[in-house]
Amino acid sequence: MLDERALLEALNSTPVLDGRPQDLWSDDHDVDRWARDHGREVAGDAERRWLRTARDALRAVESGTSDGGGLRRVLAGVRQVPRAGASGVEWELEVPDGRGLAVELVLTWADVKERLPGRLRPCGNPECRLFLLDRSRANTARWCSMKTCGNRLKARRHQARVRQTSRPE
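Note that the structure is a prediction, hence the values are computed from the model and not measured. (Residues numbered from 1 in each chain as written. Predicted model: local features only at pLDDT ≥ 70, side-chain atom pairs only at ≥ 80, totals over all residues. Heavy atoms only, no water.)

**Q** Lay out the pairing of strand β3 (residues 79-85) in plain terms, naming residues and giving numbers.
**A** Across 7 bridges, the pairing between β3 and strand β4 (residues 88-94) is antiparallel. Each bridged residue has a counterpart across the sheet, and for Gln-80 the counterpart in β4 is Leu-93. Connecting β3 to the antiparallel partner β4 that follows it, the hairpin turn spans 2 residues. (Pairing = 2+ DSSP bridges. Helix = DSSP H or I, 4+ residues; strand = E, 2+ residues; numbered from the N terminus.)

If you want it as structure tokens, here you go:
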């Protein structure tokens, strides 16, 4: 299975740079590089399309803008089948052609949600499209990066308070 880092990289592959949304997976070579960086190979165009579909569906679910319809499309036809062997019963995943990496990405997301409930979330900056996996003891992290989003929002709030208190009455 893919790891948490692969999941976050996939979720964060559509950042906002200089105020404009970007897609770091728009080029097939970038998708292939992501897969290789995580010990996988992309089997072709269909697999790249399904990976992008899975990424977009996961982003929508985590952002609260989807009921999971996209995830259901990715997982349609996936089955877990028991195989009897000398060591007992083992479960094998059967996945439709071209969806292996996409299903693996969704299963990694499901694993993170189960092991670390409430820890995967969108950045608290409404202008940011990144996600974070909160590893703080108190589970109170709000921003993808304190250096960028956290400080920026805190500075805006401070400036708003200063403007409000310095208004002539």
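Moving on, there is more to tell.
**Q** Tell me about unusual backbone geometry, and please be specific about residues and values.
**A** A positive phi angle is found at Asp-18, which is not glycine, with a value near 55°. Despite not being glycine, Asn-139 has its phi angle at roughly 55°, a positive value. Relative to the helices and strands, Asn-139 resides in the loop between β6 (131-133) and α6 (146-165). Here Asn-139 falls in the partly exposed class, since its relative accessible area comes to 24%. (Buried < 20%, exposed > 50% of the residue type's maximum accessible area, 1.4 Å probe, protein only.)

**Q** Summarise the nonpolar core; cite the residues concerned and give the values.
**A** If you look at the biggest cluster of nonpolar residues, it comprises 26 residues, and the most contacted ones within it are Leu-7, Trp-34, Leu-58 and Leu-105. Put simply, the parts of the chain that give this core at least two residues each are α1 (4-11), α2 (28-37), α3 (45-63), α4 (69-75), α5 (100-115) and β6. Ranked by residue count, the leading element in this core is α5, at 7 residues. Excluding anything up to four places from it in sequence, Leu-58 contacts Leu-7, Leu-11, Leu-71, Leu-105, Val-106 and Trp-109. (Core = buried A, V, L, I, M, F, W, Y, C linked by side-chain atoms within 4.5 Å. Contact = heavy atoms within 4.5 Å.)

**Q** Describe the packing of aromatic side chains, listing the residues and the values that go with them.
**A** Any pair of aromatic rings gets described here by the distance separating the centres and the angle formed by the planes. For the coordinates displayed, the defined rule picks out 1 aromatic pair. The ring of Trp-50 carries Arg-99 above its face, with NZ or CZ at 4.5 Å from the centroid. (Phe/Tyr/Trp six-rings, centres within 6.5 Å; stacked < 30°, edge-to-face > 60°. Lys NZ or Arg CZ within 6 Å of the ring centre and 35° of its normal.)

**Q** Now, about the side chain of Asn-12: what can you tell me, with residues and values included?
**A** Mapped onto the elements, Asn-12 comes out in the loop between α1 and β1 (16-17). A distance of 2.6 Å separates a polar side-chain atom of Asn-12 from the backbone nitrogen of Phe-131. Apart from residues lying up to four places away in sequence, Asn-12 is in contact with Leu-24, Arg-129, Leu-130 and Phe-131. (Polar contact = N/O pair within 3.5 Å; in protein donor to acceptor, adjacent residues only side chain to side chain.)

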